[in-house]
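For reference, the chains in residue letters:
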Amino acid sequence: MTVISAVRALCVVLCLAGCGVEAATAPSPTVRDPRHPLASPPPTVWSPSPAPTCSGPGTIVAAGLVDAAMGLRAQTVTLTNCGDEVRTVRGYPRVRLLDADGEPLDIEIDEGAQQVTTAVKDPGPRTVTLRPGRSAMFAVVWRNTYTDLSRPPALGTTLVVRGHRVPGNVDLGSTGVLGVTAWEPVKESGT
């Protein structure tokens with residue numbers, strides 16, 4: 001046994017000895033009066049949006065869940081061709097962010113999202129052809145940072161993409177910047 005291995009083993013023994021680790025036991029169930037506020041499970045705070053339906057232009061737009069870590073938020077947005085014709089999307093999506101009153105927020109759209117973060121891959125602008133049933137996607141990224149007291153926090157509740165309104169919460173803080181990556185095809189499973 002090397003000196004380093006011996007030191008590690010000693011540290012583990014000392015840590016466990018000092019922790020006073022006891023076996024955990026399952027809590028016993030508590031029966032409550034059905035009228036008690038804690039008798040039923042708490043209400044669900046988030047519920048998924050109803051499934052989008054194919055609209056007049058023959059497309060469906062849906063947003064994925066927001067991935068949030070250390071103030072950085074990322075969300076994928078997918079457009080599916082649900083019509084009978086071939087469609088194309090090009091370059092960077094044109095998006096608008098609306099507030100709770102349906103008014104556009106005065107924000108900067110960062111094509112490529114490099115002002116927001118370098119952690120999100122931007123495939124670069126190109127034309128994506130969508131046969132019926134195929135999809136394309138892009139990512140929206142933002143930071144929930146509030147450092148400018150002269151600017152009120154920007155909170156978007158609707159993202160508008162190609163005429164579709166996608167509900168959600170985009171909490172830009174005082175940054176005023178929403179990053180978008182370019183359209184890219186969604187790979188079919190098995191390819």
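Broken down by element type, the protein chain carries one helix and 12 strands. Residues classed as buried in the protein chain amount to 31% of the 191 residues present. For the protein chain, the accessible area works out to roughly 12,900 Å², and carbon and sulfur atoms hold 57% of it.

Looking at the element boundaries, Ala74 is found in strand S3 (residues 72–81). Separated by 69 residues in sequence, Ala74 and Arg143 have C-alpha atoms that sit 8.9 Å apart. Those residues in contact with Ala74, other than ones at most four positions away along the chain, are Leu65, Val66, Asp67, Val140 and Val141.

On average, residues of the protein chain score 79 in pLDDT, and 71% of them are at 70 or above. The low-confidence segment residues 1–33 (pLDDT under 50) makes five contacts with residues lying over four places distant or belonging to another chain. Predicted confidence is poor over residues 35–48, with pLDDT under 50, and the contacts of this stretch with residues over four places away or in other chains come to five contacts.

Attention now moves to unusual backbone geometry. We note that Ala113 has phi near 65 degrees; this positive angle belongs to a residue other than glycine. Structurally, Ala113 can be placed in the loop between strand S6 (108–111) and strand S7 (127–130). Its identity as a non-glycine residue notwithstanding, Arg162 has a phi of 50 degrees, on the positive side. Tracing the sequence through the fold places Arg162 in the loop between strand S9 (154–161) and strand S10 (164–173).

Attention now moves to the nonpolar core. Of all hydrophobic cores here, the largest spans 24 residues; its most connected members are Phe138, Val140, Leu159, Val161, Leu172, Leu178 and Trp183. For this core, the secondary-structure elements that each account for two or more residues are S3, strand S5 (95–98), S7, strand S8 (135–143), S9, S10 and strand S11 (177–180). A total of four residues in this core trace back to one element, the largest contributor, which is S8. Setting aside residues up to four positions removed in sequence, Leu159 forms contacts with Val77, Val95, Arg96, Leu97, Val140, His164, Arg165, Val166 and Leu178.

This part is about the environment of Ile60. Looking at where Ile60 falls in the secondary structure, it is placed in strand S1 (residues 59–63). The spatial distance from the C-alpha of Ile60 to the C-alpha of Ser135 is 9.2 Å, given a sequence separation of 75 residues.

Once that is clear, we can look at the state of the cysteines. For the structure on display, the rule yields one disulfide. Residue Cys54 pairs covalently with Cys82 via a disulfide, S to S 1.9 Å. On the sign convention where negative means left-handed, the S-S torsion of about 85 degrees between Cys54 and Cys82 marks this disulfide as right-handed. Separated by 28 residues along the polypeptide, Cys54 in the loop between helix H1 (3–19) and S1 and Cys82 in the loop between S3 and strand S4 (87–90) bring together distant segments of the chain. Relative accessible area serves as the criterion here: at 40%, Cys54 is assigned to the partly exposed category.

Calculation notes
Residues numbered from 1 in each chain as written. Predicted model: local features only at pLDDT ≥ 70, side-chain atom pairs only at ≥ 80, totals over all residues. Heavy atoms only, no water. Helix = DSSP H or I, 4+ residues; strand = E, 2+ residues; numbered from the N terminus. Buried < 20%, exposed > 50% of the residue type's maximum accessible area, 1.4 Å probe, protein only. Areas by Shrake-Rupley, 256 points an atom, 1.4 Å probe, with all protein chains shown as cover. Contact = heavy atoms within 4.5 Å. pLDDT = per-residue confidence, 0-100. Core = buried A, V, L, I, M, F, W, Y, C linked by side-chain atoms within 4.5 Å. Disulfide = S-S within 2.5 Å.

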